[in-house]
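# Report on the structure
Here is how the chains run, residue by residue.
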Amino acid sequence: MNTILGDYYYSGIKYNLSLYENDSNIFDKLDEFITTHQGQTILIFISYDLKNDIEALTSDNKDFINFPIIRCIVPRRISSANEFNFNKKIKNSPISFKPEIDRSKYISIVNKIKSHIQKGDIYETNFCYNWSSNSKIHNPFLIYKKLEELTDAPYKLYAEIDNHVIMSASPELFLKKEGNKLISKPIKGTSKRGEEAEIDKKLAENLKIDPKERTENIMIVDLVRNDLSRIAVKNSVSVEELCKVYTFKNIHQMISKVSCHIDESIGFSEILKSTFPMGSMTGVPKIKAMELMDNYEISKRGLYSGSVGIIKPNGDFELNVIIRTFMYNKINDYISFKVGSAITINSDPEKEYDETLTKADALIKACC
């Protein structure tokens, strides 16, 4: 196991927990592992389909990555990220990706989703689709380095675990615990960057005032507030930032910040059951949105829309949102990434499709 998360390099496996869809008592086993290894650093990988163990949901969609529902690792060694050595001489061939649906199919599905919104089944959802390639990657770290250079994402991740490689340029924080405080920073609202300074500034300003994008973001903020309120100390849920536009190297994003305080008796699994999957990747109402997307999406999300992070020795943790991420299965030489966008009653299907291309752009360039 080799993982780079933030400024640190985690190597080797001292203790390990892998849980799959057919495992029972997943949360009991997770809590037991965390309790047993209290006082140690734990890497945790959480797949989107953990939702099926939280709610009465199922998914029969295709899965070519086959990553566990939960993977926990106590690493043997923790050092500076700069200590990760890789062979720069081994090069990769360019990779060509194929989307599982084209523009016309995407538009057709979005219109069907909008009919559900029109009927009042949901108010907002996140519809995702897959891009894939059957290609052998000789040096996956080179792809990660190029992706890092293109995005400079704050929650980036590189992980080699058994037969899987994860290369992520995530800009989004799912959940952070500092003492008795929980912080979530949902993203809803996306704009491409402009090549010229004035154009770029205008794109950011337009994103900030766009009524459709603000509505998306505020709906998810309300969902996050509701999720946190299940475990929060009374009257402690707070919106610290609302619809603030942040500029990344390759993209503008609208981000809000929601926080609460919790009692020290609230454990990790209880927090997860109340908040996972994150609102920005599901919709409103949450359960119905997840149910519908399992029907309209073709392939399983797997780790995409899930989370990777660190549980610290003192019990604090930081979990990202797995978006803008490659998953590579070395057994079948299958590499894929997913993109999505928020669908509301005001969504223009053509523009939503173009937004997914904006999100895919850096990923495709990283493999050229």
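Scroll up a little and you will see the structure.
Please read all numbers here as calculations on a predicted model, not as lab measurements. (Residues numbered from 1 in each chain as written. Predicted model: local features only at pLDDT ≥ 70, side-chain atom pairs only at ≥ 80, totals over all residues. Heavy atoms only, no water.)

## What to know about the overall build of the protein chain
Where we set the bar: Where helices and strands are cited, they refer to DSSP runs of H or I of at least four residues and of E of at least two residues respectively, numbered from the N terminus. In this description the radius of gyration comes from C-alpha coordinates, and the expected globular size is given by 2.2 Å times residues to the power 0.38. Whether a residue is buried, partly exposed or exposed follows from its accessible area with a 1.4 Å probe, protein chains only, as a fraction of its type maximum: under 20%, in between, or over 50%, in that order. We call two residues in contact whenever any of their non-hydrogen atoms come within 4.5 Å of each other. In short, Shrake-Rupley with a 1.4 Å probe defines the accessible areas, and a residue's cover is counted only from the protein chains shown. In this charge count, Lys and Arg are treated as positive and Asp and Glu as negative; neither His nor the chain ends contribute. Here the site of a charge means NZ on Lys, CZ on Arg, CG on Asp, or CD on Glu.
If you tally the helices and strands in the protein chain, you get nine helices and 20 strands. A compact globule built from 368 residues should have a C-alpha radius of gyration of about 21 Å, and the protein chain, at 20 Å, falls within 12% of that. Projected onto its principal axes, the C-alpha coordinates of the protein chain cover approximately 55 × 50 × 45 Å. By the burial criterion, 57% of the 368 residues in the protein chain qualify as buried. By sequence separation, contacts in the protein chain at least 24 residues apart represent 76% of the contacts at least 6 residues apart. For the protein chain, the computed accessible surface area is about 16,000 Å², with 46% contributed by carbon and sulfur atoms. Averaging the coordinates of the 50 positive side-chain charges in the protein chain and doing the same for the 50 negative ones gives two points 3 Å apart.

## Focus on the environment of I255
The topology assignment puts I255 in strand β15 (residues 251-261). Sequence spacing of I255 and E172 is 83 residues, and the spatial spacing of their C-alpha atoms is 8.6 Å. Setting aside residues no more than four positions away along its own chain, I255 makes contact with K185, P186, I187, N217, L242, C243, K244, Y246 and F248.

## Here we look at the nonpolar core
Considering soluble globular proteins, one finds that nonpolar side chains tend to be buried as a cluster. Keep this limit in mind: As used here, the term nonpolar core means buried Ala, Val, Leu, Ile, Met, Phe, Trp, Tyr and Cys residues forming a set that is joined through side-chain atoms within 4.5 Å.
One finds L50, L182, F268 and L272 to be the most contacted residues of the largest nonpolar core, which totals 44 residues. Ignoring sequence-local partners within four residues, the contact set of F268 consists of L30, I34, I44, I311, F317 and L319. Counting residues in each nonpolar core, the second largest holds 43 residues, with Y106, A289, A362 and A366 among its members.

## Details of unusual backbone geometry
Between F276 and P277 the backbone carries a cis peptide bond, its omega angle lying at -10 degrees. Tracing the chain through its elements places P277 in the loop between α7 (268-275) and β16 (283-284). With an omega of -10 degrees, the peptide bond between V284 and P285 qualifies as cis. One non-glycine residue with positive phi stands out, namely D162, at about 50 degrees. In this structure, D162 sits in the loop between β9 (155-161) and β10 (164-170). One non-glycine residue, R324, adopts positive backbone phi at about 50 degrees. Note that R324 resides in the loop between β18 (317-320) and β19 (325-329).

## Section: the packing of helix α3 (residues 103-119) against helix α8 (residues 286-296)
Note the threshold: Axis lines are fitted through C-alpha atoms, for helices just across the contact stretch, and the angle between N-to-C directions can take any value from 0 to 180 degrees. Oblique is the label for any angle not covered by the other classes, which are roughly parallel (under 35 degrees), roughly antiparallel (over 145) and roughly perpendicular (65 to 115). It is the rotation of the near helix from the far one that decides the hand of a crossing: anticlockwise by less than a right angle makes it left-handed, clockwise makes it right-handed. Just so you know the grouping, Ala, Val, Leu, Ile, Met, Phe, Trp, Tyr, Cys and Pro go in nonpolar, Asp, Glu, Lys and Arg go in charged, and all remaining residues, Gly too, go in polar.
At a closest axis distance of 12 Å, the pairing of α3 and α8 adopts a crossing angle of 150 degrees. Taken as axis vectors, α3 and α8 run roughly antiparallel relative to one another. In this structure, α3 meets α8 at a crossing whose hand is right-handed. Taken together, the residues of α8 that come into contact with α3 (itself represented by I109, K112, I113 and H116) are L292, M293 and Y296. Broken down by class, the residue content of the contact of α3 with α8 amounts to five nonpolar, one polar and one charged.

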